[in-house]
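Each chain, written out:
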Amino acid sequence: MAYPIHVKSEIGKLKTVLLKRPGREVENLTPDTMERLLFDDIPFFENIQKEHDYFADTLRKEGVEVLYLEKLAAESLVNEEVKQSFLKQMIDESGLISDYQKQAVIEYLGSMNNDQMIEKIMAGIRKHEVEIPHQTCLDTLDDYPFLTDPMPNLYFTRDPIASIGNGLTVNRMTFAARQRESLFIETIMNYHPRFADSGIQVWLDRYTGAHIEGGDELVLSDTVLAVGISQRTSAHSIKLLAEKLFKNNSGYEKVLAIKIPNNRAMMHLDTVFTMVDYDKFTIHPAILDSDGKMDVYVIEKANNELGMTITLRNNIEDVLKEVLNLSELVLIPTGRGDAIVAPREQWNDGSNTLAIAPGTVVTYDRNYVSNEVLREYGLRVLEVLSGELSRGRGGPRCMSQPLVREDLK
Ligand SMILES: NC(=[NH2+])NCCC[C@H](N)C(=O)O
């Protein structure tokens, strides 16, 4: 049977991917809100859309089926009851204070067709758009222009979800700015005809008591995962994920919990480390200490009381060789490891490659040194436009969620 989700590696030929075209939500960023909404600058709208279309076309030309989150979400709400309960939950999670506000917003959105409604929820709702009874109540009087916030990070489809084997994690995200994103995913998985009732396993849901984001979740093989302990993913959530995978015949038997620095530039593991071929990885040198070491906790399925053993190691190269049965392995340094080039290109996601087949990667054109190094190592590098997309601090891996990859031979 063909599963709607089937991802057993980071590099198997990509067959189906989930994207989100940047919409009005990025036009609703302002200098006052961008930091809280996790942006470092305001993108030029027309160009960010063009660049994203170029990215999608690059994938299509390589034979990848491109699905759009916004379209799937709208198609999931055909049933009126489903639509109403989705709307209610979305509005409950949108930070509105009074019931009057909530009711007025639900009525406003409910009067639209499903495509418009999804677009509007994602874009955010300005105060002047909705007439609210009892407008004099204090909670609508401040200067803040939005009733519900825009969700400008939606084009980073990597994060609210992670496909693992024939299942997924629907993520409880760290910052309020992104938490509603995974409600779209949950709704699609439960109600879209392509996914509903197809036996997809949910390894963690968005109500899990610990946070995790897909940028930290790397599927190294059909038995091994790597998960970053990062600004966005807690060690506790990795333990919960390992437990769930080990107990439920997922096929996964090892999880590498990789500790990375907690800062803006390196918010997720995939901003500093990605797999690009059977035996090749990109790595940002700044995650290694002066001896070239870092903390890697190897979590293995076991027949003990915990159901697992946990061993602290510090040589990532040795650990990767062992768990992937490789005699040799290449770590390719971002920006050639240069003290200026590496941090500069990493900032614009020079380490954040999307592998679409073993040895074929999609990268941002601006990171020309890192791209050159990848080519020197024999990789096929497909460059995409990055003037505006990069302002959201995410690259090709962040902007894509593989749903189906071919198994490796
Ligand atoms: N997988 C990733 N590295 N995603 C990058 C997400 C960037 C986004 N602005 C955020 O801060 O959440």
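This is a predicted model, so every value here is computed, not measured.

What counts as what
- Residues numbered from 1 in each chain as written.
- Predicted model: local features only at pLDDT ≥ 70, side-chain atom pairs only at ≥ 80, totals over all residues.
- Heavy atoms only, no water.
- Helix = DSSP H or I, 4+ residues; strand = E, 2+ residues; numbered from the N terminus.
- Buried < 20%, exposed > 50% of the residue type's maximum accessible area, 1.4 Å probe, protein only.
- Contact = heavy atoms within 4.5 Å.
- Axes fitted to C-alpha atoms, helices over the stretch in contact; angles between N-to-C directions.
- Parallel < 35°, antiparallel > 145°, perpendicular 65-115°, else oblique.
- Salt bridge = Lys/Arg side-chain N within 4 Å of Asp/Glu carboxyl O.
- Pairing = 2+ DSSP bridges.
- Right-handed = clockwise from strand over helix to strand, strands pointing away.

1. A closer look at the environment of Asp279
No. 1: Counting through the fold element by element, Asp279 comes out in the loop between strand E11 (273–277) and strand E12 (280–283).
No. 2: Exposure remark for Asp279: the relative accessible area of 24% places this residue in the partly exposed category.
No. 3: Taking the C-alpha atoms as reference, Asp279 lies 8.5 Å from Lys321; in sequence the two are 42 residues apart.
No. 4: The contacts of Asp279, once residues within four sequence positions are left out, are Leu326, Glu328, Leu329 and Val330.

2. Remarks on the packing of helix H4 (residues 80–92) against helix H6 (residues 114–123)
No. 1: Two elements in contact, H4 and H6, have axes separated by 13 Å at closest approach and are oriented at 10°. It follows from the interaxial angle that H4 and H6 lie roughly parallel. Contact residues: Lys83, Phe86, Leu87 and Met90 in H4; Asn114, Met117, Ile118 and Ile121 in H6.

3. Side note on the pattern of salt bridges
Opposite charge on two side chains makes pairing possible when the charged atoms of those side chains draw close.
No. 1: Scanning the model with the defined rule gives 31 salt bridges in all.
No. 2: Between Glu10 and Arg397 there is a salt bridge, with the nearest N and O atoms lying 3.0 Å from each other. On the criterion of sequence distance, the pair formed by Glu10 in the segment before strand E1 (14–19) and Arg397 in the loop between strand E18 (380–384) and strand E19 (401–405) is long-range, its members being 387 residues apart.
No. 3: Between Lys50 and Glu46 there is a salt bridge, and its shortest N-O distance comes to 3.4 Å. One end of the pair is Lys50 and the other is Glu46, both in helix H2 (residues 45–61) and four residues apart, which spans about a single turn.

4. What about the pairing of strand E9 (residues 224–229)?
No. 1: Where burial is concerned, most of E9 is hidden: six out of the six residues are buried.
No. 2: Burial of E9 is two-sided: the residues Val224, Ala226 and Gly228 facing one way and the residues Leu225, Val227 and Ile229 facing the other way are all buried.
No. 3: Where strand E8 (residues 217–219) meets E9, three bridges bridge the pair, whose relative direction is antiparallel. By the bridge assignment, Glu217 is partnered in E9 with Val227.
No. 4: In terms of strand pairing, E9 meets strand E10 (residues 254–259) through six bridges, oriented parallel. Residue pairing for E10: Gly228 is matched across the bridge by Ile258.
No. 5: Taken together, E9, helix H9 (residues 235–247) and E10 constitute a β-α-β crossover, and its handedness is right-handed.

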